[in-house]
Amino acid sequence: MAILPNMDVLVSQRRGEVMLYKPATGELTQVGFLDVYHKTLNTPDVNAEEGLMGLQKDPDFANNHWIYLFYSPSGDKWVNRLSRFKFEDDLLQMNSEQVILEVESQREICCHTGGSIAFGPDNMLYLSTGDNSTPFNEKGVKYTNKGFAPLNDIPGHEQYDAQRSSGNTNDLRGKILRIKVNEDGSYSIPEGNLFPKGTPKTRPEIFTMGHRNPYRISVDPKKGYVYWGDVGPDSRVDSLQTRGPRGYDELNQAREAGNFGWPLFIADNKPYRAYDYETGISGEAFDPEKPINNSRNNTGLRELPKAMPAYAFYPYVESEEFPQTGTGGRNAMAGPVYYTDLYKGENALPNYYDGKVFVYDWIRGWMKAVSLFPNGEFNKMEPFADQIKLNNLIDMEVAPDGRIYLLEYGSGWFSKNDDSALSYIDYNGGNRPPLVENLTVDNTSGKLPLNIVAKVTATDREKDAMTYMWDLGNGEVQETTEPEIAYVYKEAGDYFISVEVKDDKGAAAKSNAVSVVAGNSRPVVSIDLKGGNSSFFIPGVPVNYKVTVTDPDGSQIVEDNIFVSVDYLESMDEVSLSLGHQEVSAAVTGKALTQAMDCRTCHKELEKSIGPMYDEIAKKYKMDKNAAAYLQGKIIAGGSGVWGEVTMPAHPKMTQDEARQITAYILSLVDTGQKQKSLPPSGSIVPKKEEGANVMVITASYTDQGENNVKPLTGTTSVVLKGNSVPFSATTKVDAFEPVSYNGMDLLVVPKKEGWFVLPKLDLTAVNTATITAVWQTVPNYELDFEMRLNAPDGKLIGTGNMPKPQSGAEMGRIALKLTETINESVEEVYFVYKPTAQAAEAEGMVALRNVQFSKK
């Protein structure tokens, strides 16, 4: 986005649209369109990231009206183009284009485009470009990237070699370019770039090189320092002896031109190793003081400038160096440097933020303020506006009045997201409104009369007295001085309760709305595993289940409205995010909604009525990828003219989720081959044996038929079973064993004396073997003996196991403990007791345990 001097905001969209938001009127309109290459034309199942990638205004926009765009023109010419256009009369003047610079690019592949445009205090233009390389494993070959540096220079595999782009001094990809744009649209090379003009095998436009995907850049408006976030590779563990370090995202600063390492280095110059993709043989680690690019695809210098380290960096797991960055997915971005004397608006930030650098992460949802030492080096990082929930922040800019503008992409990749947004942060130095954290209602459904108690959690940062205005959704508003209210609904209906919290100075904040259905009770759904294991699933061992539904209102259960699904997830972190089962059962809920609400008076599934048949609607929009969003909007807003003159009424009280469920039902009437069917209400599931399936989630839902002319309600429940491989953690209860973290794994170092570790609350149903995995750097010359005991180190003995002395060259071993009896119940604690031999107690070297796997063998 670019914020114009009059506070209007221009936003670029990847498929070629240029949008204008006018805050004075609240209007959003399309004011320009570029015909761009934004998806692969001949390569299925590959997401191209090109299109309209960057937008910025000229520093002298108020006088010259130039807008700069970086885009991928459609056609046979494979380039990304930097051009500028006049923006006048609220329109991008398409015939005014001046082509400034073109960057050659390989198409029909994924990924990494960069595309950020910024101007420095000297009016130099900076442009970021990505490495245009594929980070994924190549199909059908033996040796692949595996999330490390892409260094494959075998002819015909160029897209897997970032040495041809980022590490190539004669290529503009994987760089930040710096040029001076002349009056006629040509450009000149300023002093101080990485390679003086005329240097053989180099491009003089290069300011910094060695970037993977510098997706957002910013230039200090006073000092001219360049900042960027570089999105890093995907490996989750180090492989220092064969490939190199795990993946890190970087936050970078360039006070002068330099080489920032990729693809030979990452983070603080952690080196990758040369790797032969024909033989799988690893070479020497690269030297950051003397980087060498030996790729057959390199057209530039062989000896590169020394590598510069990132000033902050973080992996998927918690960073020891920068713990403030958190954990999870990574997508680092760099925002503006803030100077309070440059902005005079009443809502500009206070002096505390003078000179601070703003950085943010697209996935993790945080913004940080970075403080620097006087010499420009990193000092500290702290949260900024951390009470604000962000939906994938993709750009941050400072407006002329000092406001911080935020552009949020929304929660889905390559999709039209309802939670995408353009917003801004105002600084309020006076009285602040109350903070409303949560509104809860004890009974959200039930028979008439329905008694409810609503409570709100709210605080006032100035400790002012607060009052509460309760909107009960039926036209009645009540005021209380306490943060709760009791109320009785005597008429059937669907009501939305909300509360406005106001302090004694008049500042107010409103809560979320909670739906209450009076006259119908939500069905209760339960899943019985019928004597199976309640702790974990074992691949190949059937899980028997039975779904039971009861309706508190005594209504008859319609078995067709029961939906059962199973999902396999990688980790427990994904369980709360797993909505796949709800998506496929939405059609069941949607059908029930259409039968209970006023939809039934105008529409039938296969019969003509005053409105179109649902079957006709489904066929009309079968191939329209935007159909779901369009139909949801029509259901809520109403409309006419599409199927005749009869007007479809609006449904303003219908929630977005209900409209989504109705849409899912309608579109499910056309079989696209992707509709998932429900499992039976009772049966047997044989868990899959596949990589990454570490959590199994069985979900059941039931939608009733509605009561007393109010909408149907859905009850749902889930059973979560972990994988049968149980890892250790830093909190594992031990005696003598030493917990350590290595390569992102929690291990237990085996002691020289007797010791034990504990796994709590285990269901041993269907288990007859527990296998401990042991790893080492030096092959041990002794055996490992273990016992399994219940609830104490000297408790009941239920199993023993032994690992014989490993053969030379072995990298790991296993201790299989056979259970001496069948235990079909859950136990509080299982102690694994280590019994060292005399030889083990005297031996050198370290053996560590990685996990325990339970099985039926």
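Scroll up a little and you will see the structure.
The model shown is predicted, which means the values in this text are computed figures rather than measured ones.

Participant: Honestly, the overall build of the protein in this entry has me stumped. Any pointers?
Facilitator: Along the backbone of the protein there are 6 helices and 56 strands. Radius of gyration (C-alpha) of the protein: 31 Å, near the 29 Å computed for a compact globule of 857 residues. Each principal axis of the C-alpha distribution contributes one length, and for the protein these read about 85 × 80 × 60 Å. Here the protein has roughly 39,900 Å² of accessible surface; of this, 48% comes from carbon and sulfur atoms. A distance of 3 Å separates the average location of the 86 positive side-chain charges in the protein from that of its 114 negative side-chain charges.

Participant: Hey, could you run me through the nonpolar core in this one?
Facilitator: Proteins that are soluble and globular tend to have nonpolar side chains buried together. Judged by nonpolar contacts, the single largest core of 69 residues is most densely connected at Leu82, Leu125 and Tyr311. A per-element tally of this core places strand β11 (residues 175-181) first, with 4 residues. With sequence-adjacent residues up to four places away left out, Leu125 is seen in contact with Tyr68, Leu82, Ile117, Ala118, Phe119, Leu177, Arg178, Ile179 and Val181. In this structure, Ala770, Trp776, Leu784 and Met803 belong to the second largest nonpolar core, which totals 38 residues.

Participant: Would you mind showing me how to read the state of the cysteines here?
Facilitator: Defined simply, a disulfide is a covalent bond joining two cysteines at their sulfur atoms. Applying the stated criterion to the full structure yields 1 disulfide. Two residues share a disulfide in this structure: Cys110 and Cys111, whose sulfurs sit 1.6 Å from each other. Looking along the S-S bond of the Cys110-Cys111 disulfide, the torsion reads about 90°, which is the right-handed sense.

Participant: Is there a simple way to think about the packing of aromatic side chains in this case?
Facilitator: With the rule as written, the count across this model stands at 33 aromatic pairs. With a centroid separation of 6.0 Å and an interplanar angle of 85°, the aromatic rings of Trp262 and Tyr272 are classed as edge-to-face. Here Trp262 is found in the loop between β17 (258-259) and β18 (265-266), whereas its partner Tyr272 is found in the loop between β19 (270-271) and β20 (273-275), with 10 residues between them in sequence. Tyr272 shares its class with Trp262; the two are buried. With a centroid separation of 5.7 Å and 40° between ring planes, the pair formed by Tyr311 and Phe378 is classed as tilted. Pair noted here: Tyr311 is in the loop between β21 (282-285) and β22 (312-314) and Phe378 is in strand β26 (residues 378-383), with a separation of 67 residues, a long-range link. Here Tyr311 and Phe378 have matching classes, each one buried. Between Arg84 and the ring centre of Trp66, over which it is positioned, the NZ or CZ distance is 4.2 Å. Sitting over the ring of Tyr424, Arg403 keeps its end group 3.8 Å from the ring centre.

Participant: Looking at this structure, I do not really get the environment of Lys201. What am I missing?
Facilitator: Within the secondary structure, Lys201 sits in the loop between β12 (187-188) and β13 (206-209). A relative accessible area of 52% means that Lys201 is categorised as exposed. Each C-alpha atom of the pair Lys201 and Thr299 lies 6.8 Å from the other, and the pair is 98 residues apart in sequence. Beyond its immediate stretch of four places on either side in the chain, Lys201 contacts Thr169, Asn170, Thr299, Gly300 and Leu301.

Reading the values: rules and limits
Each residue is numbered by its place in its chain's sequence as written, counting from 1. Given that this is a predicted model, residues contribute local features only at a pLDDT of at least 70 and side-chain atom pairs are listed and counted only at 80 or more, while totals for whole chains, interfaces and linings are drawn from all residues. Only hydrogens and water are removed before side-chain values are computed, so all heavy atoms of the structure are retained for them. A run of H or I in DSSP becomes a helix once it reaches four residues, and a run of E becomes a strand once it reaches two; helices and strands are each numbered from the N terminus. Each radius of gyration is computed over the set of C-alpha atoms, and the globule rule expresses the reference value as 2.2 Å times the number of residues to the power 0.38. To measure how exposed things are, a 1.4 Å probe is used in the Shrake-Rupley method; for residues, cover is taken only from the protein chains shown. In this tally, Lys and Arg are treated as positive and Asp and Glu as negative; His is ignored, and so are the chain termini. Working definition for charges: the position is that of NZ of Lys, CZ of Arg, CG of Asp or CD of Glu. Residues grouped as a nonpolar core are buried Ala, Val, Leu, Ile, Met, Phe, Trp, Tyr and Cys residues, joined through side-chain atoms within 4.5 Å. For each residue, the accessible area found with a 1.4 Å probe, counting protein chains only, is set against the maximum for its type, and the residue is called buried under 20%, exposed over 50%, and partly exposed in between. When checking whether two residues touch, look at their non-hydrogen atoms; a contact exists if any pair is within 4.5 Å. Cysteine sulfur atoms are paired as a disulfide whenever they fall within 2.5 Å. What counts as a ring pair is set by centres within 6.5 Å for rings of Phe, Tyr and Trp (its six-membered ring), and what kind of pair is set by the plane angle: stacked under 30 degrees, edge-to-face over 60, tilted for all other angles. Only when the NZ of Lys or the CZ of Arg is both within 6 Å of the ring centre and within 35 degrees of the ring normal is a charge said to sit over the ring.

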